[in-house]
Amino acid sequence: TEAYRKFMELYHDFCTHVIVPLVGDSSAFVQEPPTLRVHLGGQAQARGRIGMHKDSDYPNHCRAEVNFWVPMTEVGGSNSLFVESAPDRGDFRPLELCYGDLYRFNGFSCRHHTAANRSGMTRVSFDLRAVPASCCPASALRCSRRGQLRLGDYPAVLVEAVTGHSAAVSGIGEHV
């Protein structure tokens, strides 16, 4: 649809100007499309949900993957994503973010999950994964069935950063 086409144009610009510079390379393999998530206020944990996990629990994810979580609403408490601060630390805390914020973390190694949304407010968010192109050849991300690029089970494309635009950010697991 026209609306989806416009959304994907905006998403691609977002990846070009924000995501690729945040992975510290001039280009990156980026999940496209992103995963849209809606968690209704008052909703118990949904059946069939993915529970506490790290992306390395699933096949075909890359150690160099960087996860980005982007809430489209204010989030906190049970209306948020819970992430541990370092692999196997178990110190889960809900992210406290506002519209316009994003959170970058090592979802390959750090466990993350959601809880029953007892907040009464619906959460809308999207998430994506990116791999710096210098860390992984495209051949390692190709799906043998169709020859498509994949990050885990997610379709991916190669995205180039805008020339001269870079973001110097240290660490993973931070509000950006």
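Details of the structure are given in the entry above.
In short, a report on the structure. (Residues numbered from 1 in each chain as written. Predicted model: local features only at pLDDT ≥ 70, side-chain atom pairs only at ≥ 80, totals over all residues. Heavy atoms only, no water.)

This brings us to the overall build of the chain. Each helix and strand in the chain was counted, giving 2 helices and 11 strands. Every one of the 176 residues in the chain was classed for burial, and the buried ones make up 43%. When contacts within the chain are restricted to residue pairs at least 6 apart in sequence, those whose partners lie at least 24 apart make up 79%. Taken as a whole, the chain presents about 9,300 Å² of accessible surface, with 54% of it coming from carbon and sulfur. (Helix = DSSP H or I, 4+ residues; strand = E, 2+ residues; numbered from the N terminus. Buried < 20%, exposed > 50% of the residue type's maximum accessible area, 1.4 Å probe, protein only. Contact = heavy atoms within 4.5 Å. Areas by Shrake-Rupley, 256 points an atom, 1.4 Å probe, with all protein chains shown as cover.)

So, on to the state of the cysteines. Scanning the entire structure with this criterion turns up 0 disulfides. Sulfur of Cys 135: no disulfide; nearest cysteine sulfur belongs to Cys 62 and is 7.4 Å away. Judged by its relative accessible area of 48%, Cys 135 is partly exposed. Looking at Cys 136, it has no disulfide partner, and the nearest cysteine sulfur is the one in Cys 62, 4.0 Å off. Here Cys 136 falls in the buried class, since its relative accessible area comes to 7%. (Disulfide = S-S within 2.5 Å.)

With that settled, the discussion passes to unusual backbone geometry. Omega for the bond connecting Glu 32 with Pro 33 falls within 30 degrees of zero, at 5°, which places this linkage in the cis form. With respect to the helices, strands and loops of the structure, Pro 33 is situated in the loop between strand E1 (27-31) and strand E2 (35-39). Even without a glycine there, the phi angle at Asn 60 is positive, about 70°. If you trace the backbone, Asn 60 turns up in the loop between E2 and strand E3 (66-71).

Let's shift gears to helix H1 (residues 2-22). Relative to the 30 Å expected for 21 residues at 1.5 Å per residue, H1 spans 29 Å between its end C-alpha atoms, a close match to the ideal helical length. For H1, the complete set of buried residues consists of Met 8, Tyr 11, Cys 15, Thr 16, Ile 19, Val 20, Pro 21 and Leu 22. Contacts made by the buried residues of H1 are with E1, E3, strand E6 (103-105), strand E8 (123-132) and strand E10 (154-160). With its phi angle positive at about 80°, Gly 24 sits one or two positions after the end of H1. (Expected span 1.5 Å × (residues − 1).)

On the surface, Leu 36, Val 38 and Leu 40 cluster together into a nonpolar patch covering about 300 Å² of accessible area. Following the sequence through the fold, Leu 36 ends up in strand E2. Classification of Leu 36 by relative accessible area gives exposed; the value is 61%. (Patch = residues over 30% accessible without salt bridge, like charges linked within 9 Å, V, L, I, M, F, W, Y side chains within 5 Å. Salt bridge = Lys/Arg side-chain N within 4 Å of Asp/Glu carboxyl O.)

Another point: the pairing of E1. Within E1, 5 of the 5 residues are buried, which leaves the element mostly enclosed by the surrounding structure. Alternating residues of E1 divide into Ser 27, Phe 29 and Gln 31 and Ala 28 and Val 30, and every residue in both groups is buried. Bridging between E1 and E10 involves 5 bridges; their strand directions are antiparallel. Bridge pairing links Val 30 to Val 157 in E10. As paired elements, E1 and E8 share 3 bridges and run antiparallel to each other. Its bridge partner lying in E8, Phe 29 is registered against Val 131. (Pairing = 2+ DSSP bridges.)

For the rest of this paragraph, the subject is the sheet that holds strand E7 (residues 112-113). Adjacent strands of a sheet pair through backbone hydrogen bonds, lying either parallel or antiparallel. Sheet architecture is open: 3 strands sit in the order E5-E4-E7, paired in antiparallel fashion. Looking at strand neighbours, the two that pair on one side only are strand E5 (93-94) and E7, the edges of this open sheet.

This is a description of form; function is not addressed.
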